[in-house]
Amino acid sequence: MALLNILHYPDERLHKIAKPVIEVTEKTRSLIKDMAETMYAAPGVGLAATQVNVHEQIFIADISEEHNQLQVFINPKLISSSGEEECEEGCLSVPGVYETVKRCERIIVEALDKNGKPFRLEADGFLAVCIQHEMDHLKGKVFVEYLSSLKQSRIRAKIKKRQRETL
Ligand code: NI
């Protein structure tokens, strides 16, 4: 297992579109293990492969307090969505930034698990928000892109300032 390097917004590589996983193999599972270790260490509730510079359709989520309910989504597809909700979101690729984003309240998603087995999941509340956020990463979209361009440039300035300070 290893901790992976997380790309930080506005890194261009966060805008790459992830390709479907052709076959779920040991290599996929080993990546997922590393992603889980990286997410728990951060700590975060979700992590997409895009964020660790692997451009395959894989993301993980664990919204439990005990960090013992890891959910793996490979080649996720949104089957249906309904309702609307606003939730404050953060992202390991945009450290220290929390902003409110409008999402669907309920979703049904289909994906493969870490053994390549298909499953269907109905989610609402925070898990639904988390899944939509991670699915966006696979499409090359970071949550701050839902904000006004003024807010986005403020966030970029804040991140640059912090990067300079930590050098
Ligand atoms: Ni994120």
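Everything that follows concerns the structure shown earlier in this document.
Residues numbered from 1 in each chain as written. Predicted model: local features only at pLDDT ≥ 70, side-chain atom pairs only at ≥ 80, totals over all residues. Heavy atoms only, no water.

**Student:** Please clarify how the coordination of the nickel ion should be interpreted in this entry.
**Tutor:** When a metal holds four donors in a tetrahedron, each ideal angle between them is 109.5 degrees; when it holds six in an octahedron, the ideal angles are 90 or 180 degrees. In the first shell of the nickel ion, the protein supplies Cys91 (SG), His133 (NE2) and His137 (NE2), at 2.1 to 2.2 Å from the metal. All donor residues of the nickel ion come from one chain, and their arrangement in sequence is C-x41-H-x3-H. Residue His133 and its partner His137 are located together in helix α2 (residues 125-138), separated by four residues, close to a single helical turn. Note on accessibility: His133 and His137 belong to one class, buried. (Donors = N, O, S within 2.8 Å, 3.2 Å for Na, K, Ca; no water. Helix = DSSP H or I, 4+ residues; strand = E, 2+ residues; numbered from the N terminus. Buried < 20%, exposed > 50% of the residue type's maximum accessible area, 1.4 Å probe, protein only.)

**Student:** Please clarify how α2 should be interpreted in this entry.
**Tutor:** An α-helix turns once per 3.6 residues; consequently, residues spaced three or four apart project the same way. With 14 residues, α2 ought to run about 20 Å at 1.5 Å a step, and its terminal C-alpha atoms sit 21 Å apart, in line with that. Most of α2 is tucked away: twelve of the 14 residues are buried. Within the sequence span of α2, burial applies to Leu127, Ala128, Val129, Cys130, Ile131, Gln132, His133, Glu134, Met135, Asp136, His137 and Leu138. At the exit of α2 stands Gly140, carrying a positive phi of roughly 85°. (Expected span 1.5 Å × (residues − 1).)

**Student:** Can you help me understand helix α1 (residues 26-41) in this one?
**Tutor:** In this model, α1 (16 residues) spans 22 Å end to end at C-alpha, consistent with the 22 Å of a helix rising 1.5 Å per residue. Considered for burial, the residues of α1 that qualify are Thr28, Leu31, Ile32, Asp34, Met35, Ala36, Thr38 and Met39. Of the surrounding elements, those touching the buried residues of α1 are β1 (46-48), β2 (58-61) and β3 (71-82). (Contact = heavy atoms within 4.5 Å.)

**Student:** I would appreciate a short explanation of the nonpolar core in the present structure.
**Tutor:** If you look at soluble globular proteins, the nonpolar side chains tend to sit buried side by side. Counting 16 residues, the largest nonpolar core has Ile32, Met35, Leu47, Ile58, Ile60 and Ile74 as its most contacted members. For this core, the secondary-structure elements that each account for two or more residues are α1, β2 and β3. Top contributing element to this core by residue count: α1, with five residues. Here Ile58 is in contact with Val21, Thr28, Leu31, Ile32, Met35, Ala48, Ala49, Phe73, Ile74 and Leu138, once residues within four sequence places are set aside. If you look at the next biggest cluster of nonpolar residues, it comprises 14 residues, including Phe59, Val109, Ala123 and Ile131. (Core = buried A, V, L, I, M, F, W, Y, C linked by side-chain atoms within 4.5 Å.)

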